[in-house]
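Given next are the chains, with one letter for each unit.
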Amino acid sequence: MSYLNSSTRRILLRTLILIAVLLGFSFMGVYLSGSSAYDSARQLGSMTTDYLRIQVDNFLDEYSGILRQGANYAEDMLSSDYPSDAIERWMTNFSSEYQAPSSTTKAVCTV
């Protein structure tokens, strides 16, 4: 650098410092935006998990209520001395009412 005069050296040094500062700000911006994107994805995943948990809990509560209702009705039929073939027919009809189509079953199983 001995062939450069002092003003050229100062300009070159200031340019290098400016480039270093701009690179620092650029890396900091990339880091902060990546961190923000990670936090947003984590929050979205947490919200999705909560939503699916609530949906599954609601489905299981509804299913439990249906089973409880059927069990109570079957007990009432047994205690009232209904014929076994009538109870069997009723149980077949009851279970076929709540049998899910295969596409719904697949959707529930993937949750």
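Keep in mind that this is a model prediction, so the values were computed, not measured.

**Q** Lay out the overall build of the chain in plain terms, naming residues and giving numbers.
**A** When you go through the chain residue by residue, the secondary structure sums to three helices and zero strands. The helix and strand sequence of the chain, counted from the amino end, reads α-α-α.

**Q** Before we move on, could you go through unusual backbone geometry and cite the residues and values that matter?
**A** Even without glycine at this site, aspartate 81 takes up a positive phi of about 60°. Positionally, aspartate 81 belongs in the loop between helix 1 (6-79) and helix 2 (84-97). Assessed through its relative accessible area of 67%, aspartate 81 is described here as exposed.

**Q** Could you give me a rundown of the pattern of salt bridges, with the residues and numbers involved?
**A** All told, the structure shown has three salt bridges when counted by the stated rule. A salt bridge links arginine 53 to aspartate 57; its shortest N-O distance comes to 3.8 Å. Of this pair, arginine 53 and aspartate 57 both sit in helix 1, four residues apart, which is roughly one turn of that helix. Its relative accessible area of 34% is what places aspartate 57 among the partly exposed residues. Across the pair arginine 89 and aspartate 85 runs a salt bridge, and its minimum N-O distance is 3.8 Å. Taken together, the positions of arginine 89 and aspartate 85, both in helix 2 and four residues apart, correspond to about one turn of that helix.

**Q** Help me get a handle on the nonpolar core, residues and values and all.
**A** Membership of the largest hydrophobic core is limited to six residues, which are Ile66, Ala74, Met77, Ile87, Trp90 and Phe94. Listed by contribution, the elements that provide at least two residues to this core are helix 1 and helix 2.

**Q** Mind laying out the packing of helix 1 against helix 2, listing which residues take part and the relevant values?
**A** At their nearest, the axes of helix 1 and helix 2 sit 11 Å apart, and the two run at 170° to each other. Put simply, helix 1 runs roughly antiparallel to helix 2. Residues Ile66, Gly70, Tyr73, Ala74, Met77 and Leu78 of helix 1 pack against Ala86, Ile87, Trp90 and Phe94 of helix 2. Class assignment for the residues of the contact of helix 1 with helix 2 results in nine nonpolar, one polar and no charged.

Definitions and limits used
- Residues numbered from 1 in each chain as written.
- Predicted model: local features only at pLDDT ≥ 70, side-chain atom pairs only at ≥ 80, totals over all residues.
- Heavy atoms only, no water.
- Helix = DSSP H or I, 4+ residues; strand = E, 2+ residues; numbered from the N terminus.
- Buried < 20%, exposed > 50% of the residue type's maximum accessible area, 1.4 Å probe, protein only.
- Salt bridge = Lys/Arg side-chain N within 4 Å of Asp/Glu carboxyl O.
- Core = buried A, V, L, I, M, F, W, Y, C linked by side-chain atoms within 4.5 Å.
- Axes fitted to C-alpha atoms, helices over the stretch in contact; angles between N-to-C directions.
- Parallel < 35°, antiparallel > 145°, perpendicular 65-115°, else oblique.
- Contact = heavy atoms within 4.5 Å.
- Nonpolar A, V, L, I, M, F, W, Y, C, P; charged D, E, K, R; others polar.

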